[in-house]
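Spelled out, the chains give:
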Amino acid sequence: MSIQLCHCITAKAHKEGAFGRRDFLKGISASAIAGGLAGGLLHWTDLVTANAADLRSRGMACILLWMQGGPSQFETFSPKPGTATGGETKAISTAVPGIQIASDFPEVAKQAGDIAFIRSVNSREGAHPRAQLLMHTGYLPLATVKYPTLGSLVAHEIADAAGQLPSFVRIGGGRASGGGGGFLGNEFDPFDIPNPSAPPTNTTVQTDMGRYNNRLDLLGQLEIAAGGGKLSSESADHQKLYQRAVKMITSPDMRAFDLTKENDKTRAAYGDSAFGNGCLLARRLVEAGVTFVEVQLDGWDTHQDNFARVSRLADTVDKPFAALVADLKQRGLLDKTLVIWMGEFGRTPNINANSGRDHFPKAFNVALAGAGIRGGRVIGETDATGQEIKERPVAVNDLFQTFCKSLGMKPEHENMSSIGRPIKVVDGGKPVHELFS
């Protein structure tokens, strides 16, 4: 026997008519909750830290622009024109006297007064998976611990549990990942939006609300039946999941996912690309109360044809990045929204035989704006060839300390891992205080 509770909820009974607990739970389709949402909302309201209420009241948010593959520092924000290692890329002046960036970023150059460029970030990880995890979590991979990604940490620490939308949204993820809630639990996994131009799938109620609510009531009764007359802990988790999902899909805040609500001028400012639409959606989601949004752009692994490929990628990034910073500022959101532009490492100073650059974690770029970050400045410097950092090295844990300081999080706060080991939000390091002075 099969009972259709609604277009998305199915429960199966044995031929004897009894609901097996395991079969019943397996039979619950979560398609209505759009896949990622199913993993992203369990125990949504349960886990908050002692200082979360205060942090939430500040309405802080973060947008991570993740450049998958490792963008070349020479062709982005650390150009070295006229040198053998600098290649063919030219530099342009920015709105801030004395600061130059690569010529393929003219719109970012106009917003340089609100952006800080760190040219001396460094690590020892030159392999994509390990470096991606390091730059997303602040920790190197460890077999016994599954570290939470930055978005999950931020959502765990400062997200508003009463919010109607997911606290952590990831846009445009394809080959790139970046991890999820790790030991914090799948309730802090991201809500994935593969296509920012379309609303999330299966988030529209397909019947009238009365009938929909009746189906949910029936689901609750079946879950009690499956637990032998009481709600099991697993069923209770599902109840919370569904309640949260229903709250989301019936919320007026769902309009934030609809980019057609934006006027033509704003849409044009971000550009007509998936990444541009992702940045616009990120702004809309933050405006609607989402705490952390990650927008991913793949393609920066330029072992071949580096200069032409980076030029095309820069053309994709330039307008949206600049528009995002300007738009947040114009709407009064930049003071409370940290914008991070970064990838997993940089590219080698030496240009290989395929006109490409290889992996180089010794010195690479990160750009920051908003949430207390003082723009219009450059932190760190490499030597003339770009081979070595000669001034103000910034380690990955320094960077994560900086994120915490900007967002008001406590980096020394310890979360308990699944093996009972307390793990700090950030292990070691110090904030880059020059960014705040």
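This is a predicted model, so every value here is computed, not measured.

Quick notes on the overall build of the protein chain
Link 1 in the chain: Counting its secondary structure elements, the protein chain contains twelve helices and 19 strands.
Link 2 in the chain: The buried share of the protein chain, reckoned over its 437 residues, is 54%.
Link 3 in the chain: Expressed as a percentage of contacts within the protein chain between residues at least 6 apart in sequence, the contacts between residues at least 24 apart total 73%.
Link 4 in the chain: Summing over all exposed atoms, the protein chain offers an accessible surface of approximately 17,900 Å²; the carbon and sulfur share of this is 49%.

Thoughts on the environment of H128
Link 1 in the chain: Among the structural elements, H128 can be located in helix α5 (residues 128-137).
Link 2 in the chain: C-alpha of H128 to C-alpha of F345: the two residues are 217 residues apart in sequence and 8.5 Å apart in space.
Link 3 in the chain: Beyond its immediate chain neighbours, meaning those up to four positions away, H128 contacts G69, D301, E344, F345 and H359.

Quick look at the nonpolar core
Link 1 in the chain: Residues L65, L285 and F321 are the most contacted members of the largest nonpolar core, which totals 54 residues.
Link 2 in the chain: A per-element tally of this core places helix α11 (residues 306-330) first, with ten residues.
Link 3 in the chain: With sequence-adjacent residues up to four places away left out, L285 is seen in contact with L165, V169, I171, A256, F257, V290 and V293.
Link 4 in the chain: Core analysis: the next-biggest nonpolar cluster, separate from the first, contains 47 residues, C62, L184, L399 and F400 among them.

Considering the pairing of strand β3 (residues 61-67)
Link 1 in the chain: A large share of β3 lies buried, amounting to seven of its seven residues.
Link 2 in the chain: Covered by surrounding structure in β3 are A61, I63, L65 and M67 together with C62, L64 and W66, the residues of both alternating faces.
Link 3 in the chain: Where β3 and strand β10 (residues 337-343) come together, seven bridges link them in parallel fashion. Bridged to L64 within β10 is I340.

Here we look at the pattern of salt bridges
Link 1 in the chain: Applying the stated criterion to the full structure yields 16 salt bridges.
Link 2 in the chain: D327 is paired through a salt bridge with R331; the nearest N and O atoms lie 2.8 Å apart.
Link 3 in the chain: With its nearest N and O atoms 2.8 Å apart, the salt bridge here joins E388 to K362. One end of the pair, E388, is in the loop between β15 (381-382) and β16 (389-391); the other, K362, is in the loop between β12 (359-360) and β13 (364-369), with 26 residues separating them in the sequence.
Link 4 in the chain: Within this structure, E262, R283, R284, E287, D327 and R331 form a network of salt bridges that share partners.

What to know about the packing of aromatic side chains
Link 1 in the chain: Under the definition given, this model contains eight aromatic pairs.
Link 2 in the chain: Centroid distance F191 to F257: 6.2 Å. Interplanar angle 85°. Geometry classified as edge-to-face. Here F257 lies in the loop between α8 (233-249) and α9 (264-270) and F191 lies in strand β8 (residues 191-193), a separation of 66 residues in the sequence.
Link 3 in the chain: Taking relative accessible area as the criterion, F191 reaches 2% and is therefore assigned buried.
Link 4 in the chain: Residue F257 is classed as buried on the basis of its relative accessible area, which comes to 2%.
Link 5 in the chain: Relative to W341, the ring of W300 lies with its centre 6.4 Å away and its plane at 85°, an arrangement referred to as edge-to-face.

Overview of the packing of α5 against helix α12 (residues 396-407)
Link 1 in the chain: Where α5 contacts α12, the two axes come as close as 9 Å, and the packing angle between them is 35°. Taken together, the residues of α12 that come into contact with α5 (itself represented by L134, M135, H136 and T137) are V396, L399 and F400.
Link 2 in the chain: Classifying every residue of the contact of α5 with α12 by side-chain character gives five nonpolar, two polar and no charged.

Things to note about α12
Link 1 in the chain: With twelve residues, α12 ought to run about 16 Å at 1.5 Å a step, and its terminal C-alpha atoms sit 17 Å apart, in line with that.
Link 2 in the chain: The element α12 is largely enclosed, with a buried count of ten among its twelve residues.
Link 3 in the chain: Within α12 the residues assigned to the buried category are V396, D398, L399, F400, Q401, T402, F403, C404, S406 and L407.
Link 4 in the chain: With its phi angle positive at about 80°, G408 sits one or two positions after the end of α12.

Concerning the pairing of β10
Link 1 in the chain: β10 sits mainly inside the fold: seven of its seven residues count as buried.
Link 2 in the chain: The alternating pattern of β10 places T337, V339, W341 and G343 and L338, I340 and M342 on opposite faces, both of which are buried.
Link 3 in the chain: Two strands pair when backbone bridges link them, and β10 and β13 are joined in this way by three bridges, in the antiparallel orientation. In the strand pairing of β13, W341 is matched with A367.

Details of the environment of E388
Link 1 in the chain: Relative accessible area serves as the criterion here: at 40%, E388 is assigned to the partly exposed category.
Link 2 in the chain: Polar side-chain contacts of E388 include one of 2.8 Å to the side chain of K362.

So, how was this worked out
Residues numbered from 1 in each chain as written. Predicted model: local features only at pLDDT ≥ 70, side-chain atom pairs only at ≥ 80, totals over all residues. Heavy atoms only, no water. Helix = DSSP H or I, 4+ residues; strand = E, 2+ residues; numbered from the N terminus. Buried < 20%, exposed > 50% of the residue type's maximum accessible area, 1.4 Å probe, protein only. Contact = heavy atoms within 4.5 Å. Areas by Shrake-Rupley, 256 points an atom, 1.4 Å probe, with all protein chains shown as cover. Core = buried A, V, L, I, M, F, W, Y, C linked by side-chain atoms within 4.5 Å. Pairing = 2+ DSSP bridges. Salt bridge = Lys/Arg side-chain N within 4 Å of Asp/Glu carboxyl O. Phe/Tyr/Trp six-rings, centres within 6.5 Å; stacked < 30°, edge-to-face > 60°. Axes fitted to C-alpha atoms, helices over the stretch in contact; angles between N-to-C directions. Nonpolar A, V, L, I, M, F, W, Y, C, P; charged D, E, K, R; others polar. Expected span 1.5 Å × (residues − 1). Polar contact = N/O pair within 3.5 Å; in protein donor to acceptor, adjacent residues only side chain to side chain.

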